[in-house]
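Here is how the chains run, residue by residue.
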Amino acid sequence: MQHGKYRFIVGFLAVPLAIYAVFVISPFVQAIYYSFTDWTGLSSDFKVVGFDNYRKMFEDDVFWKSVGHNVLLLLVLPLVTLGLGLFFAFMLNVGGRRRKNAAVAGVRGSGLYKVVYFFPQVLSIAIVALLFQFAYNPNSGALNSFLKAIGLDSVQPDWLGDPQLALWCVMAVMVWSNVGFYVVLFSAGMSSIPRDFYEAALLDGANRVQTFFRITLPLLWDTVQTGWVYMGIMALDGFAVVQIMTVGPGGPDYSTEVLAYFLYTKAFRDGQAGYATTLGVALLIVTMIFAGVVMKLGRRERLEF
């Protein structure tokens with residue numbers, strides 16, 4: 001059984017690893033190399049400038065603004081999105097009233113609610129961003145029209161035109177467009193948890209909140225942790241929503257500038273591809289640090305049932 005084992009393993013791994021090295025590792029290595037050059041992205045002529053791009057990055061006020069916005073997204077977006085996803089999924093699966101022959105049940109019409117929650121996933125993020133851009137229009141948008149209809153004519157925010165509100169408007173769209181996916185994901189995980197656990201807890205006097213924190217969340221922790229990493233990576237991106245929705249884009253006054261869009265403008269608008277790859281390296285490092293911190297802090301003993 002041991003004869004030729006390593007040749008067999010290498011035979012299966014060689015091609016996938018070669019493809020991964022060419023199409024994944026190689027672009028990363030090239031990006032790191034170009035980050036030390038003054039390449040414009042339009043010409044094959046460039047020279048190595050050492051750490052000048054990194055020095056310029058650390059002295060760039062717009063870079064630090066974009067990093068601050070990404071950090072805010074990183075703190076708020078996963079917490080709100082996953083929190084809402086867990087809450088709605090819990091209500092759809094075990095948060096309803098008791099029924100005949102079932103001590104634990106979801107709310108009535110839970111199947112329909114899952115379809116409604118998942119609907120934003122069917123739409124392209126570009127369509128979602130455009131729809132909300134029209135809704136946020138201060139003159140003819142749905143939000144200000146609603147405020148006017150209920151007699152709040154004096155309250156007419158500029159929404160995306162207000163530097164204090166613009167980033168929060170973008171975050172609301174990102175939450176709305178993603179929470180449905182996690183509702184369905186967490187619902188699938190909760191449906192596999194034996195109902196006996198909930199019934200035994202309820203018989204012992206536990207309420208819904210206690211069953212959520214003592215049964216549901218521990219048994220779904222691996223799924224929640226993975227979702228946190230995915231949402232964190234999305235928070236570190238945010239390019240499409242900022243590009244389509246915001247004034248500028250990235251404005252007003254860089255109030256919605258994120259690192260991915262800043263990288264894009266430097267590469268394709270300003271012709272500073274070398275500096276853009278430096279920003280890309282910084283984004284890679286931040287993403288890896290975030291993923292490592294989440295996996296480290298979220299590590300706990302695996303619970304099985």
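Higher on the page you've got the structure.
Note that this is a predicted model, so its numbers are computed, not measured. (Residues numbered from 1 in each chain as written. Predicted model: local features only at pLDDT ≥ 70, side-chain atom pairs only at ≥ 80, totals over all residues. Heavy atoms only, no water.)

Colleague: How should the overall build of the protein chain be read in this particular structure?
Modeller: When its secondary structure is counted, the protein chain shows 13 helices and 0 strands. Taken from the N to the C terminus, the helices and strands of the protein chain come in the order α-α-α-α-α-α-α-α-α-α-α-α-α. Expected size for 305 residues packed as a compact globule is a radius of gyration near 19 Å; at 24 Å, the protein chain overshoots this value by more than 25%. Along the longest, intermediate and shortest principal axes, the C-alpha atoms of the protein chain span 80 × 75 × 30 Å. Within the protein chain, the fraction of its 305 residues that count as buried is 38%. (Helix = DSSP H or I, 4+ residues; strand = E, 2+ residues; numbered from the N terminus. Rg over C-alpha atoms; globule rule 2.2 N^0.38 Å. Buried < 20%, exposed > 50% of the residue type's maximum accessible area, 1.4 Å probe, protein only.)

Colleague: Would you mind showing me how to read the environment of Gln-164 here?
Modeller: Following the sequence through the fold, Gln-164 ends up in the loop between helix H6 (142–149) and helix H7 (166–191). C-alpha separation for the pair Gln-164 and Leu-123, spaced 41 residues apart in sequence, amounts to 28 Å.

Colleague: Explain unusual backbone geometry to me, please; I cannot follow it from the model alone.
Modeller: The phi angle of most residues is negative, glycine excepted, and most peptide bonds adopt the trans form. Along the chain, Gly-248 connects to Pro-249 via a cis peptide bond; the corresponding omega equals -10 degrees. Tracing the chain through its elements places Pro-249 in the loop between helix H11 (239–245) and helix H12 (259–269). Phi is positive for Trp-159, close to 50 degrees, though the residue is something other than glycine. With respect to the secondary-structure elements, Trp-159 resides in the loop between H6 and H7. Residues other than glycine seldom take positive phi values, yet Tyr-254 does so here, at roughly 60 degrees. Inspection of the secondary structure puts Tyr-254 in the loop between H11 and H12.

Colleague: Would you explain a nonpolar patch on the surface in this entry?
Modeller: A cluster of nonpolar side chains, contributed by Tyr-6, Phe-8, Ile-9, Phe-12, Leu-13 and Leu-17, occupies part of the molecular surface with about 700 Å² of accessible area. Within the fold, Ile-9 resides in helix H1 (residues 5–34). (Patch = residues over 30% accessible without salt bridge, like charges linked within 9 Å, V, L, I, M, F, W, Y side chains within 5 Å. Areas by Shrake-Rupley, 256 points an atom, 1.4 Å probe, with all protein chains shown as cover. Salt bridge = Lys/Arg side-chain N within 4 Å of Asp/Glu carboxyl O.)

Colleague: I'm lost on the nonpolar core in this one. Help?
Modeller: Soluble globular proteins tend to pack their nonpolar side chains together in the buried interior. Phe-63, Leu-86 and Phe-186 are the most contacted members of the largest nonpolar core, which totals 57 residues. Tallying contributions element by element places helix H3 (residues 61–94) first for this core, with 11 residues. Non-local contacts of Phe-63, meaning those with residues more than four positions away in its chain, are made with Met-57, Leu-259, Phe-262, Leu-279 and Ala-282. (Core = buried A, V, L, I, M, F, W, Y, C linked by side-chain atoms within 4.5 Å. Contact = heavy atoms within 4.5 Å.)

Colleague: Can you walk me through the packing of H3 against helix H9 (residues 208–219) in this structure?
Modeller: Angle between the axes and distance between the axes: these two values describe a pair of packed helices. Interaxial distance between H3 and H9 falls to 12 Å at its minimum, and their mutual angle equals 105 degrees. The orientation of H3 relative to H9 falls into the category roughly perpendicular. For the pair H3 and H9, the contacting residues are Leu-86, Phe-90 and Val-94 in the first and Arg-208, Thr-211, Phe-212, Thr-216 and Leu-217 in the second. Split into classes, the residues belonging to the contact of H3 with H9 amount to 5 nonpolar, 2 polar and 1 charged. (Axes fitted to C-alpha atoms, helices over the stretch in contact; angles between N-to-C directions. Parallel < 35°, antiparallel > 145°, perpendicular 65-115°, else oblique. Nonpolar A, V, L, I, M, F, W, Y, C, P; charged D, E, K, R; others polar.)

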